[in-house]
Amino acid sequence: MKHTAKQMSESIWLGMVLALSGGFMDAYSYLCRDEVFANAQTGNILLFGIHLVNREFHLALHYLSPVIAFTIGIILADIVRHKTSELQQIHWRQVAVLMEAVILFAVAMIPLGWSLLANSLTSFACGIQVESFRSIHGNGIATTMCIGNLRSGTQNLNEYILTKEKSNLRKAGLYFGIILFFVIGAIMGSLLIKVFTEKAILFCSLLMMISFFMMFIRLEE
C-alpha cells in the first residue's frame, strides 16, 4: 500500500528543500571554508586520522572540531524533541529548523579567516538537521548525506528489476530524487560562493525559514 506523509515534516516537498540545503552546506564548507565537510563526517574523521599520524595537530583539530559539533547538534535536536514534543501551536521540528536558520545566519557573519568556528557551527546545524529529519513517506532518508540513500535507492531499484513490484520503483525514485536535489544544492552553493563568498550561506538560512513555514501546512493521509 502506498504510504503518504501525514505531516509536512515527512513530505517529499520538505525533503527536497532540506536536501538542497544539505548539498549547499557541504559545498560551502569545502569550497569557502578550507576544504572541510559540513555533513560528510566520514571524510573529516579520515582526514583527522591522517593529520594526527603526521603530527599535524593544528590540521587534525581543523577536522575534529566539525565532528564534535555535528555530534552536539544531534544531541541538541534530541533534547528539543523531548522538551517541545507536546507543543500545540508549533511542531518540534520547526524549532529545530529555526535554530538552524539562526546558526547559519551567524556563520555568514564570520570572516573567512575564522573557518574553524564557521565550520563547527555549520556542522552543528547539520547535526540538528540529520537528527530531526530522518524519514520521508515512512522511508528512512537522510537529507544531509548520500551514501545511505544511494544504498537504499539501488536496493529498491534492484528489487523492482527482480520482482516488478512498483512500490520498489517508487521508493528508488524517492531516494535518487533526494540525491539529485542534494547535487543541485551543491551546484547552487558553488555558483553563489563565487559571487557572495562567505555570505552565500545566507541562502541556506533562507531555506530553513522556508522549511519552517512549510511545516504549518497540514497534510492528510
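Residues numbered from 1 in each chain as written. Predicted model: local features only at pLDDT ≥ 70, side-chain atom pairs only at ≥ 80, totals over all residues. Heavy atoms only, no water.

Trainee: Tell me what's going on with the packing of aromatic side chains, and back it up with residues and numbers.
Mentor: Counted under the stated rule, the structure contains five aromatic pairs. Measuring from ring centre to ring centre gives 5.1 Å for Phe 212 and Phe 213, while their planes differ by 80°; the resulting arrangement is edge-to-face. For Phe 212, a relative accessible area of 10% gives the class buried. Geometrically, the ring pair formed by Phe 212 and Phe 216 is edge-to-face, given 5.4 Å between the ring centres and 90° between the ring planes. (Phe/Tyr/Trp six-rings, centres within 6.5 Å; stacked < 30°, edge-to-face > 60°. Buried < 20%, exposed > 50% of the residue type's maximum accessible area, 1.4 Å probe, protein only.)

Trainee: Summarise a nonpolar patch on the surface; cite the residues concerned and give the values.
Mentor: A cluster of nonpolar side chains, namely Phe 105, Met 109 and Leu 202, defines an oily patch on the protein surface of about 270 Å² accessible area. Its location among the elements puts Leu 202 in helix H8 (residues 202-214). (Patch = residues over 30% accessible without salt bridge, like charges linked within 9 Å, V, L, I, M, F, W, Y side chains within 5 Å. Areas by Shrake-Rupley, 256 points an atom, 1.4 Å probe, with all protein chains shown as cover. Salt bridge = Lys/Arg side-chain N within 4 Å of Asp/Glu carboxyl O. Helix = DSSP H or I, 4+ residues; strand = E, 2+ residues; numbered from the N terminus.)

Trainee: Describe the environment of Gly 15, and please don't skip the residues or the numbers.
Mentor: One can find Gly 15 in helix H1 (residues 12-32). The exposure class assigned to Gly 15 is buried, which follows from its relative accessible area of 3%. A sequence separation of 120 residues divides Gly 15 from Ser 135, and the C-alpha atoms of the two residues are 8.7 Å apart.

Trainee: Residue-level account of the pattern of salt bridges, with values.
Mentor: Across all of its chains, the model carries three salt bridges by this definition. One salt bridge in this structure joins Lys 199 and Glu 198, with 3.3 Å as the shortest N-O distance. Residue classification places Lys 199 among the partly exposed positions, given a relative accessible area of 33%.

Trainee: So, helix H7 (residues 166-196): which residues are in play, and what are the values?
Mentor: The α-helix winds at 3.6 residues per turn, so residues separated by three or four positions along the chain end up facing the same way. Its 31 residues give H7 an end-to-end C-alpha distance of 44 Å, which sits within 8% of 45 Å, the value for a rise of 1.5 Å per residue. Within the sequence span of H7, burial applies to Asn 168, Ala 172, Leu 174, Tyr 175, Ile 178, Ile 179, Phe 182, Gly 185, Gly 189 and Ile 193. Buried positions along H7 lie against H1, strand E1 (135-136), strand E2 (139-140) and helix H6 (147-163). Of the residues trailing H7, Thr 197 is marked for its positive phi of about 45°. (Expected span 1.5 Å × (residues − 1). Contact = heavy atoms within 4.5 Å.)

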